[in-house]
Amino acid sequence: MEQVVLSGIKPTGQLQLGNYIGALRNFAKYQDDNQVFVFIADLHALTLPIDPQVLYNNTRDIVAFYLACGLDPNKATIFLQSDVPAHSELGTILGNYAYMGEMNRMTQFKEKASKLNDKSIGLGLYTYPVLMAADILLYNAKTVPVGEDQKQHVELCRNLAERFNHRYKQDVFTIPTPVINKTGARIMSLSDPTKKMSKSDPKGDILLKDDLKAVRKKIMSAVTDLECEVRYDKENKPGISNLLTIYSCLKDITIEEAEKEFIGCNYGTFKKAVADVVCATLEELQAKYNQVIESGIIDEVLQKGAEKASKIANETVKRVKKVIGLYTK
Ligand code: TYM
């Protein structure tokens, strides 16, 4: 049955391999049989200070990578969050249905805020999950493919939607479900495999636009352990387990199959095989990315996407306003 599938990426930095494996590469497979909305969460990128030019460039890059990963603008709706004001409007409305207690439990907020001085924690960082709920609910999305770190945010969205429907005794919002891959939903840093790979970790991340020689070097010097056995054991061998995860995802095989390939191999040989598959993937992706950039198609894609997205989003806001008693003609 056709469903509404929605996901987004925030342009706070350059896309990294975790974004690709945990989210990006899964989007296009839905587009033939579902109504797919994929957007750039640019308003979310304002939650921490960011240079305007960097934000602009990152935003265009993500669009190019969406297309490079096979998203077809004739099938999927690709747009910027800030081009559809309904996101902000529903975000403001939903803020009244979210409780401070549940917001205080958001691990991503706690993690990010803990790195800041109390006086410089922006309100937007705190209310971020409410805006994210609006992103999802505007389009009546049922399926939200994301990496593991976004699970809690999608669950908050479910709670808000259920609370809202219950309060007004109507199915105003569709209840979304996070779709998280069993393998690859949390790719770890190469320099510290107990931490998630992120867009802001130069030594531990692999950027989709990285020079392939640098990628190879980062993988060859990835932190492992003192044993010499390529075996998946997240607790005791987080580095090797992470590399096995990357390898199996990019080869489309199971972890067990990957383990079998490397029985009796030393870490150098194993790392070289991981580097080969990562570099082959990135080489193809970068070639497609360059084609998209050269085609000059980005503005047109975003304009068309914003028009299509606005229509649906505005209908939802209208419906919500009517239900809660805001005057609408
Ligand atoms: P963002 O931009 O941090 O990440 C984009 C997607 O990449 C996934 N991801 C990872 N997956 C595996 N391993 C990793 N190391 C890794 N790092 C990131 C994330 O889980 C995510 O799926 N709040 C969202 C953007 C957003 C959104 C939405 C997503 C805004 N509104 C509505 C879905 C629906 C975010 O900051 O993702």
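Relative to the helices and strands, T77 resides in strand β3 (residues 77-80). A C-alpha to C-alpha distance of 8.0 Å links T77 and A306, two positions 229 residues apart in sequence. Non-local contacts of T77, meaning those with residues more than four positions away in its chain, are made with V36, F37, V38, G305, K308 and A309.

For the rest of this paragraph, the subject is the site of the ligand. Close contacts around the ligand come from 29 residues, with Y128, D135, D149, I187 and K199 the closest. Interatomic distance of 2.9 Å between a side-chain N/O atom of K10 and an oxygen atom of the ligand. For the shell around the ligand, the elements supplying multiple residues, two or more each, are β1 (4-9), α1 (17-27) and α6 (123-137). A breakdown of the residues in the shell around the ligand according to their chemical character gives 13 nonpolar, ten polar and six charged.

One can find T59 in helix α2 (residues 52-68). A distance of 2.7 Å separates a polar side-chain atom of T59 from the backbone oxygen of L55. Every residue in contact with T59, bar those within four places of it in the chain, is listed here: P11, I40, D42 and L80.

If you look at the biggest cluster of nonpolar residues, it comprises 60 residues, and the most contacted ones within it are Y20, L24, Y66, I219, I246 and V278. Contact partners of Y20, with chain neighbours within four places excluded, come to R25, C69, L208, L250, T281 and L285. Counting 44 residues, the second largest nonpolar core, distinct from the first, contains F39, M103, F109 and V146.

Glancing now at the packing of aromatic side chains. Applying the stated criterion across every chain yields a total of twelve aromatic pairs. With a centroid separation of 4.6 Å and an interplanar angle of 25°, the aromatic rings of F65 and Y289 are classed as stacked. With a gap of 224 residues between them, F65 in helix α2 and Y289 in helix α11 (residues 267-295) connect regions that are remote in the sequence. When its relative accessible area of 2% is taken as the criterion, F65 is described as buried. Using a relative accessible area of 8% as the deciding quantity, one classes Y289 as buried. Their ring planes at 55° and their centres at 4.8 Å tell us that F164 and F173 sit as a pair that is tilted. One aromatic cluster is present, formed by F37, F39, F79 and Y139 through successive ring pairs.

What counts, and where the lines are drawn
- Residues numbered from 1 in each chain as written.
- Predicted model: local features only at pLDDT ≥ 70, side-chain atom pairs only at ≥ 80, totals over all residues.
- Heavy atoms only, no water.
- Helix = DSSP H or I, 4+ residues; strand = E, 2+ residues; numbered from the N terminus.
- Contact = heavy atoms within 4.5 Å.
- Near = heavy atom within 4 Å.
- Polar contact = N/O pair within 3.5 Å; in protein donor to acceptor, adjacent residues only side chain to side chain.
- Nonpolar A, V, L, I, M, F, W, Y, C, P; charged D, E, K, R; others polar.
- Core = buried A, V, L, I, M, F, W, Y, C linked by side-chain atoms within 4.5 Å.
- Buried < 20%, exposed > 50% of the residue type's maximum accessible area, 1.4 Å probe, protein only.
- Phe/Tyr/Trp six-rings, centres within 6.5 Å; stacked < 30°, edge-to-face > 60°.

Treat this as a map of the structure, not an account of what it does.
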